[in-house]
Amino acid sequence: MRILKSSFAVVERRAEHAVKFFYSHLFWHNPGVRDLFPASFEDMERQRDRLFAALTHVIAHLENETLVPYLRDLGRDHRKFLAGPEHYAAVGTSLIAALAEASGSAWHPQAEKAWSEAYQVIADAMMAGAAASDDPPWWDAEVVRHLLYGEDIGVLTLRPHQHFPHLPGQYTSVSSDRVPTTWRTYSLGNAPRADGTLDLHVSRIEGGRLSTALIRETQPGDVLRLGAAGGQMTFRREDRPVSFIAAGTGWAPVRAMLEDLAEHPPDQDVRLFVVARDAAHLYDRPLIDAYADSLGWLSVTYITPAPGQHRNQATDRLATALSNRGLWPDQDVYLSGPPQFIRETSYLLEELGARPDRIFYDSVPASGKSQDDGSRPMGFGEWFLNRPDPHWHNPSGRAPREY
Ligand SMILES: NC(=O)C1=CN([C@@H]2O[C@H](COP(=O)(O)OP(=O)(O)OC[C@H]3O[C@@H](n4cnc5c(N)ncnc54)[C@H](O)[C@@H]3O)[C@@H](O)[C@H]2O)C=CC1
């Protein structure tokens, strides 16, 4: 353990180099493996972040009992990328080569032995998780309805070919043959239905290849692939009042939780804040108004920017609205929306007295771009000082877990 941690501390300082070397080594020695990875430069950048985020997670949790279940879930979910035992061996070889390269003179035989053994434990746990799972590697799901709200927002209703287990508030990863090997996370916009159908709420991002394909090209009859549902933002039934705060299509998981609460009403009052870039983007307003009229425990506040202001001014207006409402120390708060919106709002809520352990959200990366603002990839120094939320689909937290 000690050797791994101290050796990783050296590699971490040269993370960008290590990860680039790793992929170059892997693809050079195993040309066929390249096809399993995204073709686009942006997506490969995202993939590099993901690998490093997963490695960091593993090293940080070496002595934690959650590590093996996490790795088993990760292995189960990697089946959708067509990962087989031969790939685990190839990855191990390239990983050791990359660690040695990045460590320079700090690399020594004990480090190589410790990493080789550790990698074998990781690969064995992942392969065991993959072999033990009764889930399919992915779920094929037919698009049965494609509703557009304006030009860039759509709700796609899918019918999975097999039962797709999920809880209200969770997300899935989505892939389309129109953009091969690209997977993006989308929240599920409905509580489980008797007919098994699912809604994806999609906001098209300029330059976002999958979101553009889903909004502009996908049609009823198309078949998408879904990874297993995951995510921690599911409703906790506690003896406390609740606030939901949703921005943009971050409304989707909140809608799923509210649908469930409409069926099984809570004992406590629920406040809902819905934030959008303009009135036209309050695309589910008729349903929300109907809920506000019929559910006595629900109060709703809509927030959009002042006329002529930038879309993010809605977040400032939300801050004012939240500051004017009390009771934050007593509340459970569920937050959903763009990553920066979640960061700012959770920070504000803590300032207003909300307890950090009662603010719930998932780090669902923005679809389509490698950074929030879509600008150039970060240099390593920036990355280190301002690490982005890991761009990977955290497979843990799915319920029920059956090992
Ligand atoms: N579970 C979750 O947290 C979910 C997150 N999302 C994410 O929500 C986003 C939705 O995108 P759109 O509907 O196009 O939203 P949008 O771009 O229209 O933004 C909606 C509102 O969020 C706030 N906002 C956006 N960017 C901000 C920033 N950088 N700083 C402060 N406030 C900001 C603004 O008030 C804006 O009016 C995507 O990034 C998606 O990945 C979507 C579904 C679920």
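All of these numbers come straight from a predicted model, not from anything done at the bench.

Draft legend 1. Quick peek at the site of the ligand. In the neighbourhood of the ligand, 26 residues make up the surrounding shell, with Ser203, Thr249, Arg277, Arg311 and Thr315 lying closest. The side chain of Ser203 places a nitrogen or oxygen atom 2.6 Å from an oxygen atom of the ligand. At a separation of 2.7 Å, an oxygen atom of the ligand approaches a polar side-chain atom of Arg277. With the chains in place, 89% of the 860 Å² that the ligand exposes on its own is no longer accessible. Within the residue set of the shell around the ligand, elements represented by two or more residues are helix H10 (313-324) and helix H11 (339-351).

Draft legend 2. Local environment of the packing of aromatic side chains. Counted according to the given criterion, the structure contains 13 aromatic pairs. Relative to Tyr23, the ring of Phe22 has its centre 4.9 Å away and its plane inclined at 75°; by these criteria the two rings are edge-to-face. Given a relative accessible area of 3%, Phe22 falls into the buried group. For the pair Phe235 and Phe244, a centre-to-centre distance of 6.1 Å together with 40° between the ring planes defines the contact as tilted. The rings of Phe22, Tyr23, Phe27 and Phe37 are connected pair by pair, giving a single aromatic cluster. The lysine or arginine in question, Arg225, covers the ring of Trp138, its NZ or CZ lying 4.0 Å from the ring centre.

Draft legend 3. Here's a closer look at the pattern of salt bridges. All told, the structure shown has 17 salt bridges when counted by the stated rule. Arg48 is the salt-bridge partner of Glu45, the closest N and O atoms lying 2.7 Å from each other. Taken as a pair, Glu45 and Arg48 lie in helix H3 (residues 41-60) at a separation of 3 residues, close to a single helical turn. A single burial state applies to Glu45 and to Arg48, both of which are buried. With a closest N to O distance of 3.0 Å, Asp152 and Arg204 form a salt bridge. Remark: Arg204 occurs in the loop between strand S5 (198-203) and helix H7 (209-217) and Asp152 occurs in the loop between strand S1 (139-149) and strand S2 (153-160); sequence separation between them is 52 residues. Judged by its relative accessible area of 8%, Arg204 falls in the buried class.

Draft legend 4. Quick peek at the domain arrangement of the protein chain. Assigned domains within the protein chain: domain 1 (2-132), domain 2 (139-226) and domain 3 (242-364). Measuring from the centre of the C-alpha atoms in domain 1 to the corresponding centre in domain 3 gives 38 Å.

Draft legend 5. Molecular detail of the nonpolar core. If you look at the biggest cluster of nonpolar residues, it comprises 40 residues, and the most contacted ones within it are Tyr23, Leu26, Leu71 and Trp115. Within the residue set of this core, elements represented by two or more residues are helix H1 (2-12), helix H2 (15-29), H3, helix H4 (67-78), helix H5 (85-103) and helix H6 (109-132). The element that contributes the greatest number of residues to this core is H6, accounting for 9 residues. When sequence neighbours within four positions are dropped, the list of residues in contact with Leu26 reads Val33, Phe37, Ala90, Val91 and Ser94.

Reading the values: rules and limits
- Residues numbered from 1 in each chain as written.
- Predicted model: local features only at pLDDT ≥ 70, side-chain atom pairs only at ≥ 80, totals over all residues.
- Heavy atoms only, no water.
- Near = heavy atom within 4 Å.
- Polar contact = N/O pair within 3.5 Å; in protein donor to acceptor, adjacent residues only side chain to side chain.
- Areas by Shrake-Rupley, 256 points an atom, 1.4 Å probe, with all protein chains shown as cover.
- Helix = DSSP H or I, 4+ residues; strand = E, 2+ residues; numbered from the N terminus.
- Phe/Tyr/Trp six-rings, centres within 6.5 Å; stacked < 30°, edge-to-face > 60°.
- Buried < 20%, exposed > 50% of the residue type's maximum accessible area, 1.4 Å probe, protein only.
- Lys NZ or Arg CZ within 6 Å of the ring centre and 35° of its normal.
- Salt bridge = Lys/Arg side-chain N within 4 Å of Asp/Glu carboxyl O.
- Domains from an automatic or database assignment.
- Core = buried A, V, L, I, M, F, W, Y, C linked by side-chain atoms within 4.5 Å.
- Contact = heavy atoms within 4.5 Å.

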